[in-house]
Amino acid sequence: MHKKIEDSLGMIHPTEVLVNRNRSNIYFSSSRQGNYADELADILDPLVLDLRAKRLDFPLTIIYGSLEIISSFFSYFSTLMGGEQYEPLRAECLAQNRLFTQFHAQYPEHEREQIVHGLVKEAGRAGRDGLPVKSHIYYNSYDISKGKKQLSQVMRDYVQARKCKREIILGYFRFQVPARNDALHNCCDYHRHICSCEDCIIASVSNMFRESVQEDQTGAIANTMSPQLEPHSAERLREELNLFRLSLPGSGRSAVGSAGLSSGITISLINEIVKNVNF
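Residues numbered from 1 in each chain as written. Predicted model: local features only at pLDDT ≥ 70, side-chain atom pairs only at ≥ 80, totals over all residues. Heavy atoms only, no water.

- Per an unreviewed UniProt entry, the recorded name for the protein chain is ATP-dependent RNA helicase R290, and the organism is Acropora cervicornis.

### Things to note about the nonpolar core
Argument step 1. Counting residues in hydrophobic clusters, the biggest one holds 12 residues: Leu 40, Ile 43, Leu 44, Val 48, Leu 51, Phe 58, Phe 73, Phe 74, Tyr 76, Phe 77, Met 81 and Phe 100.
Argument step 2. Where this core is concerned, the elements lending two or more residues are helix H2 (36-54) and helix H3 (67-81).
Argument step 3. If we ignore the near neighbours within four places in the chain, the residues touching Ile 43 are Gln 33 and Tyr 138.
Argument step 4. Among the nonpolar cores identified, the runner-up in size contains 11 residues, and Val 133, Tyr 139, Tyr 158 and Cys 164 belong to it. (Core = buried A, V, L, I, M, F, W, Y, C linked by side-chain atoms within 4.5 Å. Buried < 20%, exposed > 50% of the residue type's maximum accessible area, 1.4 Å probe, protein only. Helix = DSSP H or I, 4+ residues; strand = E, 2+ residues; numbered from the N terminus. Contact = heavy atoms within 4.5 Å.)

### Here we look at the pattern of salt bridges
Argument step 1. A complete count under the given rule lists 6 salt bridges for this structure.
Argument step 2. Here Asp 50 and Lys 54 are joined by a salt bridge, their closest N and O atoms 3.5 Å apart. In this pair, Asp 50 and Lys 54 are both assigned in helix H2, 4 residues apart and thus about one turn of the helix distant.
Argument step 3. Look at Asp 50 and you get partly exposed, because its relative accessible area is 28%.
Argument step 4. Given a relative accessible area of 38%, Lys 54 falls into the partly exposed group.
Argument step 5. A salt bridge links Asp 189 to Lys 165, with the nearest nitrogen and oxygen atoms 3.1 Å apart. Taken together, the residues Asp 189 in helix H7 (residues 189-194) and Lys 165 in helix H6 (residues 165-172) connect sequence positions 24 residues apart. (Salt bridge = Lys/Arg side-chain N within 4 Å of Asp/Glu carboxyl O.)

Spelled out as structure tokens, the structure:
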């Protein structure tokens, strides 16, 4: 590639300057998720609460995903935020006043260009100002399956390997990891997991206590839950929900995309509702 660039520009014995791509203020992490519907609230609820509280002071947050996932996320945000999704409060309910947006291929060309340009510009600034940045990847078994031919092995290693994520990234670009001037747990989730400093020990104990409380609460709720629907009732409910889904804007041959894309009500979501409904 370098040779092609040199030849195309007519360069003769150019001096090549290589700069390490490391940004020490970026914290890298990943987590494996289970069922999409089960994990949706765990991923988005903290973001919604933070956005509602901070509004314009909320840090730029970019979520990448499939069209179906992004449309579901957008619908989830819109439902939970209600009238608070517009800035300033009580502003007219217009797209340009919304605190969040989505981008997909069905957008008009001029809107796609505007969003993509802003997205690329803002995403490229992550970490440049020296402020702390978090880069987190949610994935499941399907995302990293061997059937995903377009997924490079380095990304599978990145989300799964029990080693330094920064080392994996920089190693891919043939750079070494520079020595840090701060605590190693600020590097990535691997170092946070093995770190034995006082802060990490306290955080670990706190997490264990929180998980224990959540398990107790879950058990108490499970003991008071009513029995699930009979099979014939569950099937009838599924049919009714599917009919409702197909009645929404975005369905039909003349529509662009699908009802799931426009409303966030997908077949998998309906199946989860039927599976977990109680009476």
